[in-house]
Amino acid sequence: MQSTSATTLYERLGSHDGITRITRELIKNHLNNPLVNIRYQNVENMDRVEQRVVEFFCAGAGGPETYSGQDMLATHRGMNVSEQEFITVIDDAMSALETCGIDTPTRNEVLAILWSLKGEVIRV
Ligand code: HEM
């Protein structure tokens, strides 16, 4: 059994391939989520966003990838993201992790990281 302290978060999420799979699942969840799907249906280049989200997750989890997108504040500025949207997007992320077989301590670690970003996303 893998111990949470022995491996990095990046490794526990399945490195680049695992994080790519999680991100695809996450975007699928957003598109099926009536509380936020309108936000993502209008995105011009979803492949580019997917690529950036993969990089963001990889870099944030301690992987070697470089994040080439804008910071969270610049990305979400002007969108007027609500508290409800923020929570449901995090729920989508938790479901994606569960679907991909990520264990509870690791999911909770990701939850804490995502939650810490709320000041850079909600109503900025
Ligand atoms: C902690 C929570 C969140 C994180 C970590 C996050 C992360 C990201 C990242 C990395 C990108 C790609 C940036 C780029 O292409 O340069 C992105 C784009 C986007 N995010 Fe978020 N996001 C979060 C919450 C939300 C919420 C709550 C909404 C609204 C429901 C939202 C809506 C969007 C949209 C619509 C885009 C695409 C922007 C575009 O290129 O047109 N995000 N997000």
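Coordinates for the structure precede this section.
Residues numbered from 1 in each chain as written. Predicted model: local features only at pLDDT ≥ 70, side-chain atom pairs only at ≥ 80, totals over all residues. Heavy atoms only, no water.

Peer 1: Give me the lowdown on the coordination of the iron atom of the ligand, citing residues and values where you can.
Peer 2: Perfect tetrahedral coordination of a metal by four donors corresponds to 109.5 degrees between them, and perfect octahedral coordination by six donors corresponds to 90 or 180 degrees. There is one protein donor for the iron atom of the ligand, namely His76 (NE2), at 2.1 Å. The residue His76 is located in helix H5 (residues 72-76) in this model. (Donors = N, O, S within 2.8 Å, 3.2 Å for Na, K, Ca; no water. Helix = DSSP H or I, 4+ residues; strand = E, 2+ residues; numbered from the N terminus.)

Peer 1: Pulling in residues and values, what's your account of the nonpolar core?
Peer 2: Grouped burial of nonpolar side chains is what soluble globular proteins tend to show. Ranked by size, the top nonpolar core spans 23 residues in total, and within it Leu13, Ile19, Ile22, Met94, Leu97 and Val110 carry the most contacts. Residue assignment for this core shows that the elements contributing at least two residues are helix H1 (9-12), helix H2 (15-31), helix H4 (46-60), helix H6 (83-99) and helix H7 (104-116). Per-element tally for this core: the top contributor is H6, with six residues. Those residues in contact with Val110, other than ones at most four positions away along the chain, are Leu9, Leu13, Phe57, Met94 and Leu97. (Core = buried A, V, L, I, M, F, W, Y, C linked by side-chain atoms within 4.5 Å. Buried < 20%, exposed > 50% of the residue type's maximum accessible area, 1.4 Å probe, protein only. Contact = heavy atoms within 4.5 Å.)

Peer 1: Quick rundown of the site of the ligand? Include the residues and the values.
Peer 2: Taken together, 23 residues lie near the ligand, and Tyr40, Arg48, Gln70, Met72 and His76 sit nearest. Between the ligand and Gln70, the relevant distance is 3.3 Å, taken from an oxygen atom to a main-chain nitrogen or oxygen of the residue. In this structure, a nitrogen atom belonging to the ligand sits 2.9 Å away from a side-chain N or O atom of His76. Sorting the residues of the shell around the ligand by element identifies helix H3 (37-41), H4, H5 and H6 as the ones contributing at least two each. Tallying contributions element by element places H4 first for the shell around the ligand, with five residues. Split by residue class, the shell around the ligand holds 15 nonpolar, four polar and four charged. (Near = heavy atom within 4 Å. Polar contact = N/O pair within 3.5 Å; in protein donor to acceptor, adjacent residues only side chain to side chain. Nonpolar A, V, L, I, M, F, W, Y, C, P; charged D, E, K, R; others polar.)

Peer 1: Please provide a residue-by-residue account of the packing of aromatic side chains, values included.
Peer 2: For the coordinates displayed, the defined rule picks out two aromatic pairs. Between Phe56 and Tyr67, the aromatic rings sit 5.2 Å apart at their centres with planes inclined by 75°, giving edge-to-face as the arrangement. Residue Phe56 is located in helix H4, and its partner Tyr67 is located in the loop between H4 and H5; the two are separated by eleven residues in the primary sequence. Using a relative accessible area of 25% as the deciding quantity, one classes Tyr67 as partly exposed. Ring geometry for Phe86 against Trp115: centres 5.8 Å apart, planes inclined by 55°, an arrangement best described as tilted. One end of the pair, Phe86, is in helix H6; the other, Trp115, is in helix H7, and 29 residues separate them in sequence. (Phe/Tyr/Trp six-rings, centres within 6.5 Å; stacked < 30°, edge-to-face > 60°.)

Peer 1: Please set out the packing of H2 against H6 residue by residue, giving values where relevant.
Peer 2: When two helices pack together, their arrangement is given by the angle between their axes and by how far apart the axes lie. In contact at an axis separation of 8 Å, H2 and H6 are set at 135° when each is read in the N-to-C sense. One finds that H2 runs oblique with respect to H6. With respect to the hand of their crossing, H2 and H6 are arranged in right-handed fashion. The segment H2 lies against H6, with Arg21, Ile22, Glu25, Leu26, Asn29 and His30 engaging Val89, Asp92, Ala93, Ser95, Ala96, Leu97 and Thr99. Partitioned by chemical class, the residues of the contact of H2 with H6 number six nonpolar, four polar and three charged. (Axes fitted to C-alpha atoms, helices over the stretch in contact; angles between N-to-C directions. Parallel < 35°, antiparallel > 145°, perpendicular 65-115°, else oblique. Left-handed = near helix turned anticlockwise from the far one by under 90°.)

Peer 1: I'd like a rundown of the side chain of Thr23, residues and numbers included.
Peer 2: Structurally, Thr23 is set in helix H2. For Thr23, a relative accessible area of 0% translates into the label buried. With sequence-adjacent residues up to four places away left out, Thr23 is seen in contact with Glu50, Val53, Val54 and Phe57.

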